[in-house]
Amino acid sequence: MGNQWLGRSAFTNDSLTHPHLNEFEPGRLHSITEDARRYGFHATMKPPFHLAESKSQNDLKAAFSTFTRQTSALTIEGLAPSFLGRFLALTPTEPSARLNRLAAQCIRQFDDLRAPLSEQDIERRRRANLTPQQDGYMLEWGYPYIFEHFHFHMTLSNRLENEADREALKAAAEAHFKPVIHQPISISHLALCVEPEAGAPFQIIEIRPLEGQSA
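Residues numbered from 1 in each chain as written. Predicted model: local features only at pLDDT ≥ 70, side-chain atom pairs only at ≥ 80, totals over all residues. Heavy atoms only, no water.

S.K.: Help me understand the overall build of the chain, please; the structure alone is not making it clear to me.
M.R.: Across its full length, the chain holds 8 helices and 7 strands. Each of the three principal axes of the chain carries a C-alpha extent, and together these read 50 × 40 × 35 Å. Among the 215 residues that make up the chain, the fraction classed as buried is 40%. Counting only contacts in the chain whose residues sit at least 6 apart along the sequence, the fraction spanning at least 24 positions is 67%. Split by element, the accessible area of the chain, about 12200 Å² in all, is 48% carbon and sulfur. If you average the places of the 22 positive and of the 26 negative side-chain charges in the chain, the two averages end up 2 Å apart. (Helix = DSSP H or I, 4+ residues; strand = E, 2+ residues; numbered from the N terminus. Buried < 20%, exposed > 50% of the residue type's maximum accessible area, 1.4 Å probe, protein only. Contact = heavy atoms within 4.5 Å. Areas by Shrake-Rupley, 256 points an atom, 1.4 Å probe, with all protein chains shown as cover. Lys, Arg positive; Asp, Glu negative; His and termini not counted. Charge placed at Lys NZ, Arg CZ, Asp CG, Glu CD.)

S.K.: Just checking my understanding: could you explain the pairing of strand β3 (residues 87-92) for this structure?
M.R.: Every other side chain in a regular strand lies on the same face of the sheet, so the side chains alternate between the two faces. Strand direction decides the pairing type here: strand β2 (residues 79-84) and β3, joined by 6 bridges, are antiparallel. Each residue of the ladder has a partner; that of Ser82, found in β3, is Ala89. From the end of β2 to the start of β3, which pair antiparallel, there are 2 residues, and Gly85 there has a positive phi angle of about 65 degrees. Sheet topology places β3 next to strand β4 (residues 154-155); 2 bridges connect them, and they run antiparallel. Within β4, the position partnered with Ala89 by the bridge is Thr155. (Pairing = 2+ DSSP bridges.)

S.K.: What is the right way to read the pattern of salt bridges from this model?
M.R.: Should their charged atoms come close, side chains of opposite charge can pair. Counted under the stated rule, the structure contains 10 salt bridges. Note that Arg127 and Glu123 form a salt bridge whose closest N and O atoms lie 3.8 Å from each other. Using a relative accessible area of 59% as the deciding quantity, one classes Arg127 as exposed. Beyond isolated ion pairs, a larger network of salt bridges with shared partners links Lys46, Asp111 and Arg114. (Salt bridge = Lys/Arg side-chain N within 4 Å of Asp/Glu carboxyl O.)

S.K.: Can you help me understand the sheet that holds β3 in this one?
M.R.: Two orientations exist for strands paired in a sheet by backbone hydrogen bonds: parallel and antiparallel. Taken together, 3 strands build an open sheet; the order of strands is β2-β3-β4 and the sheet is antiparallel. In this open sheet, the two edge strands, each paired with only one partner strand, are β2 and β4. Along the sheet, helix α8 (residues 163-176) makes contact with β2 and β3, crossing β2 at roughly 165 degrees. (Axes fitted to C-alpha atoms, helices over the stretch in contact; angles between N-to-C directions.)

S.K.: What am I meant to see in the packing of helix α6 (residues 119-126) against helix α7 (residues 132-141) here?
M.R.: For any two helices packed against each other, the geometry is given by the interaxial angle and the distance between the axes. Two elements in contact, α6 and α7, have axes whose closest approach is 11 Å; the angle formed by their N-to-C orientations is 160 degrees. With respect to α7, the element α6 is oriented roughly antiparallel. Both α6 and α7 take part in a crossing whose hand is right-handed. Of the residues in α7, those touching α6 at Ile122, Arg125 and Arg126 are Asp135, Met138 and Leu139. (Parallel < 35°, antiparallel > 145°, perpendicular 65-115°, else oblique. Left-handed = near helix turned anticlockwise from the far one by under 90°.)

S.K.: What should I look at first to understand the side chain of Thr91 in this one?
M.R.: Structurally, Thr91 is set in strand β3. Of the residues examined, Thr91 reaches a relative accessible area of 11% and is grouped as buried. One polar contact links Thr91 to Ser82, side chain to side chain, over a distance of 2.6 Å. Residue contacts for Thr91: discarding those within four places in its chain leaves Gly78, Leu79, Ala80, Ser82, Leu84, Phe152 and His153. (Polar contact = N/O pair within 3.5 Å; in protein donor to acceptor, adjacent residues only side chain to side chain.)

S.K.: Would you mind going over helix α5 (residues 97-109) with me for this structure?
M.R.: Structural remark: α-helix, 3.6 residues per turn; residues separated by three or four positions point the same way. With 13 residues, α5 extends 18 Å between its outermost C-alpha atoms, agreeing within 8% with the 18 Å of an ideal straight helix rising 1.5 Å per residue. All buried positions along α5 are accounted for by Leu99, Leu102, Ala103, Ala104, Cys106 and Ile107. Buried residues along α5 sit in contact with α4 (57-70), β1 (74-76), β3, α7, β5 (185-187) and β6 (189-194). (Expected span 1.5 Å × (residues − 1).)

S.K.: Is there a simple way to explain the nonpolar core in this structure?
M.R.: In a soluble, globular protein the nonpolar side chains are often hidden away together inside. Residues Trp5, Met45, Leu102, Phe152 and Leu169 are the most contacted members of the largest nonpolar core, which totals 36 residues. Only α1 (2-6), α2 (26-32), α4, β1, β3, α5, α8 and β6 provide two or more residues apiece to this core. Counting residues per element, this core draws most heavily on α5, at 4 residues. Apart from residues lying up to four places away in sequence, Leu102 is in contact with Met45, Phe67, Thr71, Leu74, Ile187 and Leu210. Formed by 6 residues, the second largest nonpolar core is a distinct cluster that contains Ala104, Ile107, Tyr137 and Trp141. (Core = buried A, V, L, I, M, F, W, Y, C linked by side-chain atoms within 4.5 Å.)

Next up, the structure:
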């Protein structure tokens, strides 16, 4: 359902036919989902990073396997379309401390695999007028919007400047995702994604269930 909305599967890298929306022609939906389509339908738990020189993809897969075996699944109250700034996303209908803890675990658990940010990356991030705390997080963990700044979201659009377009797209998303939103959803698996080369579409290379026992 999410893959169809974006017009691409991150599992197979195949193009998909967009859903028919009364408010938007297929070409228009294709245009306003361009950025999200490259990343695939997903929610980021550990932001993208370059592997450290001493680490390999096999090291990453091994750490991923260990983490998923030891980490328990959870259920959230539900998801619904909402705007984060000017882009549309599926976001939790109620705050979830367990979901936020899972994201924080992902940040910490895999950080020893991450290469330090380049000076160019740091400069680019700082153009976003980070707070001192966000700047500190970026320098220590490679990304500014983590821990208390984390917002679980599944991106559905590019930035939309026109308010009428935003409202129409939100209504269309409510209709398209109606079978699965506003009801409890299990967060039961994590996926490992790669960007084969700079600017290429992200692809899922592994998906694993969360097998740990709940406390």
